Amino acid sequence: MVQESVMRVAVIGSGVLGAAVADELVRRGLSVVVCTAEESRPPVTDVAFGWLNAHGSAAEPPSGTRDRDELARSLGVLRSVTARPPLRGIITWNGAVSWASTTTATARFAERSGPGVATVEAGALRQILPGLRVPPPVVAHAGDEGMVEPDDLRHAFLARARAGGATVVATRVDRIRARRAGGYELEGTGAALTVDRIVLACGTGLPALAEQFGEHIEVPGVPAARFTFSAPELRLDRVVSTPDFEIRPSARHGFVGAEDVVPGESETATRARVHESLSAVREAFGLPREPALRTVTVGIRPIPTGNGMLCAPLANAPGVVALAAHPGVTLAASLAQRAAEHVGNPDPR
């Protein structure tokens, strides 16, 4: 094999995290190959809700796993990274509105969230959500948040990486072998690949590969549903999150909604919960009929144990970086920069 003068890095996984890492590594002048099983199973990114969110929602209980400072910083990085083609204009930064079941809880959420979130009273809310039939007395408005079609963002990162020289190969990596001469050999469904460094960005598949190096990493898969629907009379230009529904507009799908899934529940039960959300949308906006459901897709969100974010070199495998996070779409650009720094400095000490 001809020795390459440029460090060759394999990114295993082509979800939004892997795609963003490939884009960042190419920008830093490295030779990149992305290993993806996309042809047989699209990345979970493609069924994500697409809310670029630093604060959470007033409608949800406070989460101790969210690092608000990290998420806020990530939104800034994402704004900067997507200011260049082909990502320019791919994100809509219209903000988000949320409210809890009580005015007190909504106000408490806004206060806890800091300067990025302000309370808005019913009169002003009519300017933000003109179609709302009976506005709550107080809502929380996060003006710095946005929304995106997650698969568009993922494909744009990959396209820019390819334009910079990255190669994308359709192969599932099952085994990684350290070479005596240095670097690693990847084996799986395709031809073996020899690389100098590796970024494991394969979601719930990460633990099995890390185990080959004696590393125990937990990345539980948590199910969630994304549904699409049409509602010609609904006027909406931003994310709205309430105790009864979570929705956003979509140029491609009409509207997109998110719904939790109870592990092990039937498809019928999930769809019934989705219809409850759509009935709540009809009631809240005074629509003449229930929105028409188009699709319901259940995806498995990879959420690392601890604070929901993992970006670290493996202690027993110099040059191998483990990467997983939720919300991955929001964190993609900033974690890509961090992973690239680890790749450039493979000594875990």
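Refer to the structure presented above.
Thresholds, definitions, all that
Residues numbered from 1 in each chain as written. Predicted model: local features only at pLDDT ≥ 70, side-chain atom pairs only at ≥ 80, totals over all residues. Heavy atoms only, no water. Helix = DSSP H or I, 4+ residues; strand = E, 2+ residues; numbered from the N terminus. Rg over C-alpha atoms; globule rule 2.2 N^0.38 Å. Buried < 20%, exposed > 50% of the residue type's maximum accessible area, 1.4 Å probe, protein only. Contact = heavy atoms within 4.5 Å. Phe/Tyr/Trp six-rings, centres within 6.5 Å; stacked < 30°, edge-to-face > 60°. Lys NZ or Arg CZ within 6 Å of the ring centre and 35° of its normal. Core = buried A, V, L, I, M, F, W, Y, C linked by side-chain atoms within 4.5 Å. Pairing = 2+ DSSP bridges. Axes fitted to C-alpha atoms, helices over the stretch in contact; angles between N-to-C directions. Salt bridge = Lys/Arg side-chain N within 4 Å of Asp/Glu carboxyl O. Expected span 1.5 Å × (residues − 1).

> It is not clear to me how the overall build of the protein chain should be interpreted in this structure. Could you clarify?
Along the protein chain, the regular secondary structure elements total eight helices and 19 strands. The C-alpha atoms of the protein chain give 21 Å as radius of gyration, which agrees with the globular expectation for 349 residues (20 Å, within 12%). Principal-axis analysis of the C-alpha atoms gives the protein chain an extent of 70 × 40 × 35 Å. Expressed as a percentage of the 349 residues in the protein chain, the buried residues total 51%.

> Before we go on, may I ask you to explain the environment of Gly 183 in this structure?
In this structure, Gly 183 sits in the loop between strand 9 (173-178) and strand 10 (184-188). Between the C-alpha atoms of Gly 183 and Ile 198, which are 15 residues apart in sequence, the distance is 8.9 Å. In this structure, Gly 183 is in contact with Arg 177, Ala 178, Val 195 and Asp 196, ignoring residues within four places of it in sequence.

> Explain the packing of aromatic side chains here, please?
Note on aromatic pairs: each is described by the distance of the centres and the angle between the planes. A complete count under the given rule lists four aromatic pairs for this structure. Aromatic side chains Tyr 184 and Phe 213 sit 5.9 Å apart centroid to centroid with 85° between the ring planes, which places their arrangement in the edge-to-face category. One end of the pair, Tyr 184, is in strand 10; the other, Phe 213, is in the loop between helix 6 (206-211) and strand 13 (221-230), with 29 residues separating them in the sequence. You'll find Tyr 184 and Phe 213 in the same group, each marked buried. Over the aromatic face of Trp 93 sits the side chain of Arg 79, whose NZ or CZ is 3.9 Å from the ring centroid. For the cation-ring pair, Arg 248 lies above Phe 49, with the distance from its terminal atom to the ring centre recorded as 5.8 Å.

> Sorry if this is basic, but what is going on with the nonpolar core here?
Generally speaking, soluble globular proteins have nonpolar side chains that are buried together. In terms of nonpolar packing, the biggest core is built from 45 residues, with Phe 157, Val 199 and Leu 323 touching the most fellow members. Those elements that provide at least two residues to this core are strand 1 (8-12), helix 1 (16-27), strand 2 (31-36), helix 2 (68-81), helix 5 (150-163), strand 18 (309-313), strand 19 (320-325) and helix 8 (328-344). Among the elements that take part in this core, helix 8 stands out by supplying nine residues, more than any other. Contact partners of Phe 157, with chain neighbours within four places excluded, come to Val 16, Ala 19, Ala 20, Asp 23, Leu 78, Val 81 and Leu 87.

> What am I meant to see in the sheet that holds strand 14 (residues 239-241) here?
Either a parallel or an antiparallel arrangement is found when strands of a sheet pair, and the pairing is made through backbone hydrogen bonds. Ordered by their spatial adjacency, eight strands build an open sheet running 5-6-4-14-15-16-13-17, and the pairing between neighbours is mixed. The sheet is open, and its two borders are formed by strand 5 (117-121) and strand 17 (292-302), each paired with just one other strand. Between one strand axis and the next, the sheet turns by 25° as a mean value, whatever way the strands run. Pairing of strand 14 with strand 15 (residues 246-250) involves two bridges; the strand directions are antiparallel. Bridge pairing links Ser 241 to Glu 246 in strand 15. In this fold helix 3 (residues 103-113) packs onto strand 4 (96-98), strand 5 and strand 6 (138-142), with an angle of close to 25° to the strand it touches most, strand 6.

> I tried to follow the pattern of salt bridges on my own but got confused; where do I start?
Pairing between side chains becomes possible if they bear opposite charge and their charged atoms approach one another. Under the defined criterion, the tally for this structure stands at 16 salt bridges. Asp 237 is the partner of Arg 238 in a salt bridge, and the nearest nitrogen-oxygen pair spans 2.9 Å. Arg 238 gets classed as buried once you look at its relative accessible area, which sits at 11%. The partly exposed category is assigned to Asp 237, whose relative accessible area is 33%. What emerges from the salt-bridge pattern is a single network uniting Glu 24, Arg 27 and Arg 28.

> Hey, could you run me through helix 5 in this one?
Turn by turn, an α-helix covers 3.6 residues, leaving residues three or four places apart pointing in a common direction. Between its terminal C-alpha atoms helix 5 stretches 20 Å, which fits the 20 Å expected from 14 residues at 1.5 Å a residue. Positive backbone phi, at 115°, marks Gly 165, one or two positions downstream of helix 5.

> Please clarify how helix 1 should be interpreted in this entry.
Here helix 1 spans 16 Å end to end across twelve residues, near enough to the 16 Å set by a 1.5 Å rise per residue. With eleven of twelve residues buried, helix 1 lies mostly within the body of the structure. Buried within helix 1 we find Val 16, Leu 17, Gly 18, Ala 19, Ala 20, Val 21, Ala 22, Asp 23, Glu 24, Leu 25 and Val 26. One or two steps after helix 1, the chain reaches Gly 29, where phi turns positive at roughly 90°.

> Even after reading the chapter, I still don't get the pairing of strand 9, so can you show me in this structure?
Each regular strand carries side chains that alternate between the two faces of the sheet. As paired strands, strand 9 and strand 10 are joined by five bridges and run antiparallel to one another. Bridge pairing links Arg 175 to Glu 187 in strand 10.

> Even after reading the chapter, I still don't get the sheet that holds strand 1, so can you show me in this structure?
Strands sit in the order 8-2-1-12-19-18 across an open sheet of six strands; the sheet is mixed. At either margin of the open sheet sits one strand with a lone partner, and together these are strand 8 (167-170) and strand 18. The sheet shows a mean angle of 15° between the axes of neighbouring strands, direction not considered. Relative to strand 19, strand 12 (residues 197-200) is paired through three bridges, and the arrangement is parallel. Bridged to Val 199 within strand 19 is Val 321.

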